[in-house]
Amino acid sequence: MVLEKLKDLLLAFSKRGADRAEIDELVRGIQRVLIQADVDVKLVAELADRIRKKALEEKLPAGITRREHVIKVVYDELVAFLGAKKAEAKVGRQKILLLGLFGAGKTTMTVKLARFFQKRGLKVGIVGADVWRPAAFEQLRQLAANNNIEVFGLPKEKDPVRIVKSGLQEMRQKDVVIVDSAGRSAFDDALRKEIVELNKIISPDEKLLVVSADIGQAAGKQAREFNAAVGLTGVIVTKMDSSAKGGGALSTCWAAGVPVKFIGVGEKADDLELYDPVRFVSRILGMGDIQALVEKAKTALEPKKAEEMLRGEFTLSDFYEQLQAMQKMGPLDKVLEMIPGFGGLTARLPKEMLPTQEQKMKRWKFMIDSMTKEERNRPELIDRSRIERIARGSGSKPEEVKELLKNYEAMRKILKKMKPSALKRGGLGKMFSGFKMPR
Ligand SMILES: Nc1nc2c(ncn2[C@@H]2O[C@H](COP(=O)(O)OP(=O)(O)OP(=O)(O)O)[C@@H](O)[C@H]2O)c(=O)[nH]1
Ligand SMILES: [Mg+2]
């Protein structure tokens, strides 16, 4: 991906000085990369100006070097540029109409969204209203069947309005109804008329334009056209996995005033993400939020503590402190994203696991609170009867206390094996890998 070159630029920058000339070179590099990613030249120039100004003029926060500050500015500005806030999906009763030109990925996205809501416990039905593409309904029917999703269509019917009317009736028991509509090779009057009518009949809660990342900044024009016709509630950019122009598509939709809601990141039904610029930029840059990392990693792990831990003097009290520090840092998935190299981990973990793990950490805290100071400092004292007492005191089961002790032990072992340099570089991340994710 062209945007990955940003990472190389920042990496190169982080190894050099941070004077005006270096910053200029970095900013010019970023401009080049964004223009290659098909981001609008004017938008790129504005972004470059903002970065340059902030990088050179802003006062340095305490404890942060100029170089770190510049990287942070680049990161923040990119996030703002791509929409700043994470998109939200209403998990509840709703009707969704998907719109878009030929081959944008509407039909695939219909099924992806159906999966998305189905996984969140909602009853989902699909209505296939594409009367243009030959065998459109057959494609949809198969994709839906592969994913156990009910689908309605009238393969011989030529009027999408009739299909939708019957479809809505048929799917009235469903919480979420998703309508897949027909594309065209370009936005024209016939398409406008068709979608305006569908919009009227369905009165959808979400009107989402599907565009493919590979059209780059042409996405903005489409967003404006469809928006003028039906008043879009958002855009979905698909094929983010396979196109170098994703940056152009994303930024131009924001510039057109239509928020990006989801991104498609592959051909399979689960290759869908709620759009999150923070995560997106973290992933491009391959690093976390620099400032947060510098600050928070410092509070999480004092160098002196680190040395003690490496000598194997890692007690349950230390473990407890680590849990507390991690909790201060916010939700676990965010913490993981702040650790260089760990951003991708949250994407690989099943989403359901993270909150469970957080709750587990809270319970572990209760258990450790129920221990005596002596037990915390010398965990080997904790025998069966003490386990039972701790379980009673913390409102948990003895097995849960045992699990806590097992995790503590696992972490202690990892620490023993770690080299001091590794701990300094990203100790927290390594420590995380010692946790067994609950199953
Ligand atoms: N790599 C990748 N391919 C995708 C993604 N989404 C869709 N595709 C592929 O893009 C092609 C077109 O997708 P469709 O869902 O049929 O597109 P459509 O908008 O319904 O097309 P029409 O019905 O012709 O208007 C298919 O081969 C999909 O597998 C994605 O996120 N990543
Ligand atoms: Mg289709």
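Asks: What's the story with helix α5 (residues 106-119) in this structure? I'm lost.
Replies: Given 3.6 residues per turn, any residue in an α-helix points the same way as the ones three and four places further on. Given a rise of 1.5 Å per residue, 14 residues ought to cover 20 Å, and the 20 Å separating the end C-alpha atoms of α5 matches this to within 8%. With respect to burial, α5 is a largely interior element, 11 of its 14 residues being buried. Those residues of α5 that sit buried are K106, T107, M109, T110, V111, K112, L113, A114, R115, F116 and F117. Within two residues after α5, G121 carries a phi angle of roughly 85°, on the positive side.

Asks: When you look at the sheet that holds strand β8 (residues 272-274) in this model, what are you seeing that I'm missing?
Replies: Working definition: the strands of a sheet are paired by backbone hydrogen bonds and lie parallel or antiparallel to each other. Read across the open sheet, the eight strands follow the order β3-β2-β4-β1-β5-β6-β7-β8; overall the sheet is mixed. Looking at the sheet topology across the chains shown, the edges are occupied by β3 (150-152) and β8. Between one strand and the next, the sheet's axes are offset by a mean angle of 25°, whatever the strand orientation. Bridge analysis of strand β6 (residues 234-238) against strand β7 (residues 260-264) gives three bridges, and the strand direction is parallel. Counted as the bridge partner of I236 is F262 from β7. Contacting β6 and β7, helix α10 (residues 246-255) crosses the sheet at an angle of about 165° to β7.

Asks: Teacher, can you tell me more about the site of ligand 1 here?
Replies: Surveying the vicinity of ligand 1 reveals 20 residues, the closest of which are K106, T107, T108, R133 and D241. D241 has a polar side-chain atom sitting 2.8 Å from a nitrogen atom of ligand 1. Residue G264 places a main-chain N or O atom 3.4 Å away from an oxygen atom belonging to ligand 1. When isolated, ligand 1 has an accessible area of 660 Å², and the protein chains bury 84% of it. The leading source of residues in the shell around ligand 1 is α5, at four residues. Looking at side-chain class alone, the shell around ligand 1 contains four nonpolar, nine polar and seven charged residues.

Asks: Looking at this model, I keep getting lost on the pattern of salt bridges. Mind explaining?
Replies: Where charged atoms from two side chains of opposite charge approach closely, those side chains can pair. If you walk through the whole model with that rule in mind, you get 18 salt bridges. In this structure, E77 engages K54 in a salt bridge whose closest nitrogen and oxygen atoms are separated by 2.7 Å. Taken together, the residues E77 in helix α4 (residues 66-81) and K54 in helix α3 (residues 41-57) connect sequence positions 23 residues apart. Among the residues examined, K54 registers a relative accessible area of 33% and is labelled partly exposed. Between E375 and R389 there is a salt bridge; the shortest N-O distance is 2.9 Å. Taken together, the residues E375 in helix α18 (residues 373-377) and R389 in helix α19 (residues 384-394) connect sequence positions 14 residues apart. Classification of E375 as buried rests on a relative accessible area of 0%. Beyond isolated ion pairs, a larger network of salt bridges with shared partners links D24, D49 and R52.

Asks: Explain the pairing of strand β4 (residues 176-181) here, please?
Replies: Extensive coverage of β4 is indicated by the burial of six of its six residues. Residues V176, I178 and D180 point to one face of β4 and V177, V179 and S181 to the other, with burial holding for every one of them. Judged from the five bridges that link them, strand β1 (residues 94-99) and β4 form a sheet pairing that is parallel. Within the sheet, the bridge partner assigned to Q94 lies in β4 and is V176. The pairing of strand β2 (residues 124-129) with β4 spans six bridges and is classified as parallel. Residue V124 lies in a different strand from β4, and its bridge partner there is V176.

Asks: Sorry, what's going on with helix α2 (residues 20-36) here?
Replies: Between its first and last C-alpha atoms α2 spans 24 Å; for 17 residues at 1.5 Å apiece the expected length is 24 Å, and the two agree. Residues of α2 that are buried include every one of E22, I23, L26, V27, G29, I30, Q31, V33 and L34, and no others.

Asks: I tried to follow the nonpolar core on my own but got confused; where do I start?
Replies: Within soluble globular proteins, side chains that are nonpolar tend to cluster in buried spots. Membership of the largest hydrophobic core comes to 68 residues, with the highest contact counts inside it found for F226, V237 and L250. If one sorts the elements of this core by residue count, α4 sits on top with eight residues. If sequence neighbours within four positions are ignored, L250 has contacts with L82, V237, M240, V260, I263, Y275 and F280. In this structure, A114, F117, I149 and A269 belong to the second largest nonpolar core, which totals 23 residues.

Rules of the game
- Residues numbered from 1 in each chain as written.
- Chains lettered and ligands numbered in written order.
- Predicted model: local features only at pLDDT ≥ 70, side-chain atom pairs only at ≥ 80, totals over all residues.
- Heavy atoms only, no water.
- Helix = DSSP H or I, 4+ residues; strand = E, 2+ residues; numbered from the N terminus.
- Expected span 1.5 Å × (residues − 1).
- Buried < 20%, exposed > 50% of the residue type's maximum accessible area, 1.4 Å probe, protein only.
- Pairing = 2+ DSSP bridges.
- Axes fitted to C-alpha atoms, helices over the stretch in contact; angles between N-to-C directions.
- Contact = heavy atoms within 4.5 Å.
- Near = heavy atom within 4 Å.
- Polar contact = N/O pair within 3.5 Å; in protein donor to acceptor, adjacent residues only side chain to side chain.
- Areas by Shrake-Rupley, 256 points an atom, 1.4 Å probe, with all protein chains shown as cover.
- Nonpolar A, V, L, I, M, F, W, Y, C, P; charged D, E, K, R; others polar.
- Salt bridge = Lys/Arg side-chain N within 4 Å of Asp/Glu carboxyl O.
- Core = buried A, V, L, I, M, F, W, Y, C linked by side-chain atoms within 4.5 Å.

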